[in-house]
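Examining the three-dimensional arrangement
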Amino acid sequence: MDDEIEDFFISTHVQRDHNFPEMLSLLVTANYGEETNEPDCVGGHLIASLITTLTGYPDEDHFGLFDSQSGHAVDAYEILTNEKQQARIRQLVGQHALREDPEAYLLISDIKVKPECRGNRLALRLMREAVNIFGYFDTLTILRAHPTTNDDVTIDEVRKLTDYYLTDPHLQFKELDRENYVGWLVTRDREPYFIENYGDESFYSKT
């Protein structure tokens, strides 16, 4: 955990969708310094969905999963079912010809941080939590950077937030298309963390 955000307790709530068992709903929250779920103590939250296809990129059979979420999710569906954008994503994430396409998709749909908690890189920490737990192996993470400070967001504001998300070395986001798909970012195969024990000591490892 970064020094700047050591006073926040990060927790993740996961629920399987009742109508679509192949989809999980995620809520990641950052509480002020204590392990509490009181609403007044929440400094920020992230909402995401993990959609499993097991067959590569989504097709028309998977539309209902995305449509049940939001218009944002439908926009992601349009990108993921576009052959040109699929080729672009393969290029961005370094996918080789013999490597299979993703079989699950982590769609981050909403990130909010309270004004008094900004400046702590908390949005990035929330994303890392979701990606480190669920964005591994054959999972593609996709989101659109979109400020939530006001309703009249400008392109420059979206690009500024996009550039901020791109700075995180752990997430390793790639920008889909700065001109035609402003704010859309993807990353794939973040290595999961495992607990390793050596004698009386335990630590997190990616091996």
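Residues numbered from 1 in each chain as written. Predicted model: local features only at pLDDT ≥ 70, side-chain atom pairs only at ≥ 80, totals over all residues. Heavy atoms only, no water.

This part takes up the pairing of strand β7 (residues 181–188). Across the 8 residues that make up β7, a large majority, 7, are buried. One ladder, built from 5 bridges, connects strand β5 (residues 139–144) with β7; its direction is antiparallel. In the sheet register, Thr141 faces β7, and the bridge partner there is Thr187. In the sheet, strand β6 (residues 174–177) pairs with β7 via 3 bridges, with the strands oriented antiparallel. Within β7, the residue paired with Lys174 across the bridge is Val186. Taking the residues between adjacent antiparallel strands as the criterion, β6 and β7 are bridged by 3 residues. (Buried < 20%, exposed > 50% of the residue type's maximum accessible area, 1.4 Å probe, protein only. Helix = DSSP H or I, 4+ residues; strand = E, 2+ residues; numbered from the N terminus. Pairing = 2+ DSSP bridges.)

Here the focus is the sheet that holds β5. Spatially, the 7 strands line up as an open sheet ordered β1-β2-β3-β4-β5-β7-β6, and their pairing is mixed. Since the sheet does not close on itself, it has two edges, and those belong to β1 (8–16) and β6, each with one partner. Adjacent strand axes in the sheet meet at a mean angle of 25°, parallel and antiparallel pairs treated alike. Of the strands in this sheet, β5, β6 and β7 are in contact with helix α3 (residues 83–92), which crosses β6 at around 155°. (Axes fitted to C-alpha atoms, helices over the stretch in contact; angles between N-to-C directions. Contact = heavy atoms within 4.5 Å.)

A few words now on the packing of aromatic side chains. What the rule picks out here adds up to 4 aromatic pairs. Ring geometry for Phe63 versus Tyr77: centroids 5.1 Å apart, planes at 75°, classification edge-to-face. Of this pair, Phe63 sits in helix α1 (residues 63–67) while Tyr77 sits in helix α2 (residues 71–80), and the two are 14 residues apart along the sequence. You can call Phe63 partly exposed: its relative accessible area is 30%. An aromatic cluster is built from Phe63, Phe66 and Tyr77, whose rings are joined through pairwise contacts. (Phe/Tyr/Trp six-rings, centres within 6.5 Å; stacked < 30°, edge-to-face > 60°.)

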